[in-house]
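Summary of structural features
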Amino acid sequence: MSTAGRLYERLLQRHFEDHRQMAFLMGPRQVGKTTTSRILGKSKARFLYFNWDNLDEQRVLLQGPGALAAQLGLDRLGEEKPLLVLDEIHKYPRWRELLKGFFDTYGGQVNIAVTGSARLNVFHASGDSMMGRYFNYRMHPLSVAELASPRDDVEPGERGPSAIPDDDWGALLRFGGFPEPYLRRDERFARRWRRLRHDLLFREDIRDLTRIQELSRVQLLGQLVAQRAGQLVSYTTFAKEVGVSIETIKRWLKALEALYYCFPLRPWYRNVSRSLRKEPKYFLWDWSLVDDAGARFENLVACALLKAVHLWTDLGYGDFALHFLRDKDKREVDFVVVRDGTPWFLVEAKVSGRVNLSEPLAYFSDKLGVRGAFQVAERLDYVDRSCWPLERPTIVPARTFLSQLV
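What this report covers is the structure whose coordinates are included nearby.

Basis of the calculations
Residues numbered from 1 in each chain as written. Predicted model: local features only at pLDDT ≥ 70, side-chain atom pairs only at ≥ 80, totals over all residues. Heavy atoms only, no water. Patch = residues over 30% accessible without salt bridge, like charges linked within 9 Å, V, L, I, M, F, W, Y side chains within 5 Å. Areas by Shrake-Rupley, 256 points an atom, 1.4 Å probe, with all protein chains shown as cover. Salt bridge = Lys/Arg side-chain N within 4 Å of Asp/Glu carboxyl O. Lys, Arg positive; Asp, Glu negative; His and termini not counted. Charge placed at Lys NZ, Arg CZ, Asp CG, Glu CD. Helix = DSSP H or I, 4+ residues; strand = E, 2+ residues; numbered from the N terminus. Buried < 20%, exposed > 50% of the residue type's maximum accessible area, 1.4 Å probe, protein only. Pairing = 2+ DSSP bridges. Axes fitted to C-alpha atoms, helices over the stretch in contact; angles between N-to-C directions. Contact = heavy atoms within 4.5 Å.

A closer look at a positive patch on the surface
A cluster of like positive charges, contributed by Arg184, Arg188, Arg191, Arg192 and Arg195, occupies part of the molecular surface. Looking at the positive patch element by element, the count peaks at four residues for helix α9 (residues 187-210). On the secondary structure map, Arg195 appears in helix α9.

Below is the structure:
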């Protein structure tokens, strides 16, 4: 497998075939945004890549839209639109004005891709001056479905199963879904890669984005989140262990979410009597950081489901969300995928395939009337049969079910 075959390359190609808007490709450090955009540029007769961190390229950007147009040769007729990729442009305080001015003047003559960190999420705030000029795409680590067949053109719940080799499945569990450690499959390299990424995130990115001074305490919070991935969060406990206030813990967790270190899942409580409503769970974008094998597998499943709901939403199939279920009688299901405000299917993650079917899975399946309820087992062999038509709660191989997402 190579990053040239990633589904996001095809997604961007289709975007520029169908839309005039800029494509904003957001995601964690080292997930493959720059590689994907450069690969796409190789198919273009005219391709310009600008990185704000390059001082020479920064000087051109500071000269404004006209300088970019001159570099692209927009005063000359070409057979196809050139591609402009702007990387890390969010570090420029006036980047929105630059993009808006360039797009409004030259948008019909060029395809524009903007890649960067979660700081692009400011566009979701009220008063978005860029409204109508861009579409967001959230880039995720590799998944079983992407390794099996990188497709973005299948309706949710309609994709058939595809097998991946045992070695690929084992590497995904062990090394995570970020391309470099997954492809290298070398433990020493993976440790060095994780350490470097960790230092960049917790020192450079946290400092630049949030101006938080207590970087060592934020690092401690990150370690606690990794140790308790998939568990109900107690803000009070975190506050005591880190030595700060509850409000500070919540603010720092928001910063870690914004930088794609972790993501929260909140309980789904509509149509669920006596449900929990407050305590979230947190999972990591890099599940290889989770030591416990069972928690790591659950985290992998959470990432695969989040990737699916993000892409399905970004492509306009509906408004999808990921939650978990838990009531005051302590009945719990790991995941519920919600489609347009209605629970769609349930997922329970188990390492072993020999345990009995989860009673809460059957209970909530009946109460919510969902399309499907799947107990996804890591250690079951792949079965070449679709999970989607199953009408009753069923134990299914993880590799079969996950290959039917994205």
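Observations regarding the pairing of strand β4 (residues 111-116)
β4 sits mainly inside the fold: six of its six residues count as buried. Both faces of β4 are covered, namely the face carrying Asn111, Ala113 and Thr115 and the face carrying Ile112, Val114 and Gly116. Sheet topology note: the strand β1 (residues 22-26)/β4 ladder contains four bridges and is parallel. Along β4, the bridge assignment pairs Leu25 with Thr115.

Brief notes about the sheet that holds strand β11 (residues 372-377)
The strands making up a sheet associate through hydrogen bonds between their backbones, and the pairing can be parallel or antiparallel. Pairing is mixed across the open sheet formed by seven strands, whose spatial order is β7-β6-β8-β9-β10-β11-β12. Each end of this open sheet is capped by a strand with a single partner; those strands are β7 (281-284) and β12 (394-397). Between one strand axis and the next, the sheet turns by 35° as a mean value, whatever way the strands run. As paired elements, strand β6 (residues 262-267) and β7 share four bridges and run antiparallel to each other. In the sheet register, Phe263 faces β7, and the bridge partner there is Phe283. Against the sheet, helix α14 (residues 359-368) engages β8 (320-326), β9 (332-339), β10 (342-350) and β11, with an angle of about 175° to β10.

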